[in-house]
Amino acid sequence: MTGNGGCLKTMSFSVFVLVLCIISVLLVQPAWCGDISHDDDYAPKQPGCENPFKLVKVRNWINGKEELNYVGISARFGAVVEDVKQEAHSAPLVLAHPHTGCSYTSEKLTGNIVLVERGNCTFTTKAQVAQAAGAVAVLVKNDKEGFHSTFMLLVPWLGGEASRADWLLLLGWVVAPFCSEVDSKGAKLYKMVCDENETSSDIQIPSVMLPKSVGRTLENALIAGKRVKVLLYSPRRPMVDVAEVFLWLMAVGTILCASLWSAWSAKEAAMESYRKLKEIPEGFQNEEKGEESDVIDINIISALLFMFLASVFLVLLYLFMSDKFLLVLIIIFCIGGVEGLQTCLVALLSRWFPRAGGKYVNVPYFGAVSVLTLLVSPFCIICATLWAVYRHISFAWIAQNTLGIALIITVLQIVRLPNIKVSTVLLSCAFFYDIFWVFISPFIFKESVMIVVARGDKTGGEGIPMLLKVPRIYDPWGGYSIIGFGDILLPGLLVSFALRYDWETRKSLLKGYFLWTISGYGIGLFITYVALNLMGGNGQPALLYVVPCTLGTIVALSWWRKDLKTLWSKGESQKLPSVSFVNTA
């Protein structure tokens, strides 16, 4: 038995069950990163009233002391909020009289920002009245909270980082809860817009709506006689953040490690089987072929079933997602993370402590378990539990990524593609799956099902944990760059197959398929992020770009080398150990 084979032997069934449970949610996340600027074709737009809606930061000082920063949203009309952060550009905040700001008054507001209440007149009227009085900007206090309570619009920005809100989710979701007055059909609009057939070309000052709690906080300070200064600015997001580089390296590195482990395990298993076959009398060798394997090969039926179950599970998440449902997914992720981290640690430590890895004890319900597994398991369980309890703190992403990477590597070690034919079916289905649920589903469900689930709209903004994420370090809006497990796992199956095939057929790095396939994955992921930025941060299905760069590369290259027939139907040698593997020992 190989060093890691014993561990896999005792847990392969449980991991397989986890694969069936988790695999259905691995494809839920597109590569996604909301933008601060958002346009809406459904909101009224006419000349002079066609600005895109932008998130606006509201810095404020009370009696000279800077307080918590808040976030509002700009209007369709008026001046665009600039990207200016210096305190020198701030202005005093005053209350409107009357508070709704609907009536012209002799009061001079020159050089001030005016705070008005929503109601009694249109938004454009409030802006025109304030501008006539000399105000430089208008803050509108909404009569509703406007943001989900989980986002707590009084979001403190400490060092440019949100304490609770995941800005990756906020930037794409938060613009929805703002309502204008009522349109001509009596329906509430979800943005600060002009009335129908109304123009506002004469409005030259910016207007920003704040949630009710934020407006009340500023209003109370003014009523108490305190001096309040406000600075409105909307910083641009960088085209590329260091987080995306780290995420790219993590994704490619995870596939590289998993592929090397998979190929090395296949080589060791072949050598072990070859040794056993040489020791068994010739007449009994057929019986040895039926020995249970630690590897699960995907076939065409299971590939099709997988994509069907993934679609069903995605729709269930969309229709019935709730905090309780999310808790179930967190538990599943923790179980999978424990299994994955345990498998990786045991396999690694078995190399250094072979005696501990080779000793087994019988454990009720689990059978024979290695001593090393018993020693490592408590540590893995503690790590997963601590992450689940403290998953909202700023550095919890490190533990989440550790558990996730370990799970992906373990799955790629156990679940394998036998040939290119199965890979073509699986990745082609995933390719169209991603396209359908991101781009086509809005025509059926009125919104992108995959993006809604990924954003966590129905769970207070907390998305499902089956993803890798890295904080956007140089992004003034904070947030995370993310990639779903499925965007690593599915191409990883193909890359692992390519390396095992290269090792078995003794192909060099340049003449093999592994180098070109993993390079194609890296290029496809890079193109995904380019498209993400070009599309203004809107969700992009990564497999749309990754599948052609990986599957297309290996199919085209093998066709040119006249290896496609072998890769398509046979791939790795089955049942019998590979003589090529043994000869390379």
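The following paragraphs examine the structure supplied in this document. (Residues numbered from 1 in each chain as written. Predicted model: local features only at pLDDT ≥ 70, side-chain atom pairs only at ≥ 80, totals over all residues. Heavy atoms only, no water.)

Here we come to the state of the cysteines. Scanning all chains against the criterion turns up 1 disulfide. Note that Cys102 is cross-linked by a disulfide to Cys121, the S-S spacing being 2.0 Å. The S-S bond linking Cys102 to Cys121 shows a torsion near -85°; that makes this disulfide left-handed. With a gap of 19 residues between them, Cys102 in the loop between β5 (91–95) and β6 (113–117) and Cys121 in the loop between β6 and α2 (123–132) connect regions that are remote in the sequence. The two residues Cys102 and Cys121 agree in class, both being buried. The cysteine Cys257 is free of any disulfide, with Cys344 supplying the nearest cysteine sulfur at 9.2 Å. (Disulfide = S-S within 2.5 Å. Helix = DSSP H or I, 4+ residues; strand = E, 2+ residues; numbered from the N terminus. Buried < 20%, exposed > 50% of the residue type's maximum accessible area, 1.4 Å probe, protein only.)

By the criterion of burial, strand β16 (residues 467–471) is predominantly enclosed, with 5 of the 5 residues buried. Where β16 lies against strand β17 (residues 480–484), 5 bridges are found, and the strand directions are antiparallel. Paired with Val470 across the two strands is Ser481, which belongs to β17. (Pairing = 2+ DSSP bridges.)

Turning our attention to the environment of Ser74. Here Ser74 shows up in strand β4 (residues 70–74). By relative accessible area, which is 8% here, Ser74 ends up buried. Linking Ser74 and Leu210, residues 136 residues apart in sequence, is a C-alpha distance of 9.3 Å. In this view, Ser74 contacts Pro52, Phe53, Lys54, Val56, Met192, Ser207 and Val208; residues no more than four positions away in its chain are not counted. (Contact = heavy atoms within 4.5 Å.)

The contact between helix α7 (residues 300–320) and helix α12 (residues 420–440) brings their axes to 8 Å, and the two run at 15°. Between α7 and α12, the angle is such that the two are roughly parallel. Judged by the twist between their axes, the crossing of α7 over α12 is right-handed. In this structure, α7 contributes Ile300, Ala303, Leu304, Phe306, Met307, Ala310, Ser311, Leu314 and Val315 to the contact, and α12 contributes Lys421, Val422, Val425, Leu426, Cys429, Ala430, Tyr433 and Trp437. (Axes fitted to C-alpha atoms, helices over the stretch in contact; angles between N-to-C directions. Parallel < 35°, antiparallel > 145°, perpendicular 65-115°, else oblique. Left-handed = near helix turned anticlockwise from the far one by under 90°.)

Let us now look at the pairing of strand β2 (residues 53–62). Burial runs high along β2: 10 of the 10 residues are buried. A two-sided burial pattern is seen for β2, the buried positions comprising Phe53, Leu55, Lys57, Arg59 and Trp61 on one face and Lys54, Val56, Val58, Asn60 and Ile62 on the other. Strand direction decides the pairing type here: β2 and β4, joined by 4 bridges, are antiparallel. Pairing of Val56 across the sheet is with Gly72, part of β4. Looking at chain direction, β2 and strand β11 (residues 228–233) are connected through 6 bridges and run antiparallel. Looking across to β11, one finds that Ile62 is bridged to Val228. Both β2 and strand β3 (residues 65–66) contribute to a ladder of 2 bridges, which runs antiparallel. In the sheet register, Trp61 faces β3, and the bridge partner there is Glu66.

We now examine the nonpolar core. Counting residues in each nonpolar core, the largest one holds 91 residues, and the members touching the most others are Leu426, Ile483 and Tyr521. Dropping the residues within four chain positions of it, Tyr521 is found in contact with Ala251, Val252, Ile255, Ile483, Asp487, Ile488, Pro491, Val546, Cys549 and Thr550. By size, the runner-up hydrophobic cluster in this structure holds 22 residues, among which are Val114, Ala130, Ile203 and Met209. (Core = buried A, V, L, I, M, F, W, Y, C linked by side-chain atoms within 4.5 Å.)

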